[in-house]
Amino acid sequence: MANIKSAKKRIKVTETKTARNKAIKSRVKTETKKVLAAVESGDKTTAEKQLLVAISYIDKAKVKGIYHKKTAARKVSRLTKAVNNA
C-alpha cells in the first residue's frame, strides 16, 4: 500500500477512471450486440436505428479517449457493413 499522499490519490483516481472506462466500454458492447441481433433477425429498420445509437456511443467513447480514433472508425465501419449487407 502507498504511504505517500500523492500515490494514494493516484490509486483513487485510477480506480475512478477504470470504473468509468469499463462502464462506457460495456455500453458500447451492449449496443453493438443489439445491432448484430437485429441484423441476425433480418429486421433492417430496427438494425438501422440501433446502428445510429451504437455509433453515437462509439463516438462518445472516442471523444473521451477510451477508444483510439482508428479503433472507433473500424467498429463503426464493421457495424455499418453488417447492416448494409443484411
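Residues numbered from 1 in each chain as written. Predicted model: local features only at pLDDT ≥ 70, side-chain atom pairs only at ≥ 80, totals over all residues. Heavy atoms only, no water.

Student: I'm lost on helix α2 (residues 44-63) in this one. Help?
Tutor: Because an α-helix completes one turn every 3.6 residues, residues spaced three or four positions apart along the sequence face the same direction. The terminal C-alpha atoms of α2, which comprises 20 residues, lie 28 Å apart, in line with the 28 Å expected from a rise of 1.5 Å per residue. Listing the buried residues of α2 in full gives A47, L51, A54, I55, I58 and A61. Considered in projection along α2, the buried side chains sweep an arc of 125° and stay on one side of the axis. In α2, the exposed residues that point more than 90 degrees away from the buried face are T45, K49, L52 and V63. (Helix = DSSP H or I, 4+ residues; strand = E, 2+ residues; numbered from the N terminus. Expected span 1.5 Å × (residues − 1). Buried < 20%, exposed > 50% of the residue type's maximum accessible area, 1.4 Å probe, protein only. Arc of directions from axis to C-beta.)

Student: What is the right way to look at a positive patch on the surface in this model?
Tutor: On the surface, a cluster of positive charge is contributed by K5, K9, R10, K17, R20, K60 and K64. Ranked by residues supplied to the positive patch, first place goes to helix α1 (residues 5-41) with 5 residues. (Patch = residues over 30% accessible without salt bridge, like charges linked within 9 Å, V, L, I, M, F, W, Y side chains within 5 Å. Areas by Shrake-Rupley, 256 points an atom, 1.4 Å probe, with all protein chains shown as cover. Salt bridge = Lys/Arg side-chain N within 4 Å of Asp/Glu carboxyl O. Lys, Arg positive; Asp, Glu negative; His and termini not counted. Charge placed at Lys NZ, Arg CZ, Asp CG, Glu CD.)

Student: Before we go on, may I ask you to explain the pattern of salt bridges in this structure?
Tutor: Pairs can form between side chains of opposite charge once their charged atoms are near each other. Here the structure, examined in full by the defined rule, presents 2 salt bridges. For the salt bridge of E31 with R27, the shortest nitrogen-to-oxygen distance reads 3.0 Å. Of the two residues, E31 and R27 are both situated in helix α1; the distance of 4 residues between them amounts to about one turn of the helix. Exposure remark for E31: the relative accessible area of 2% places this residue in the buried category.

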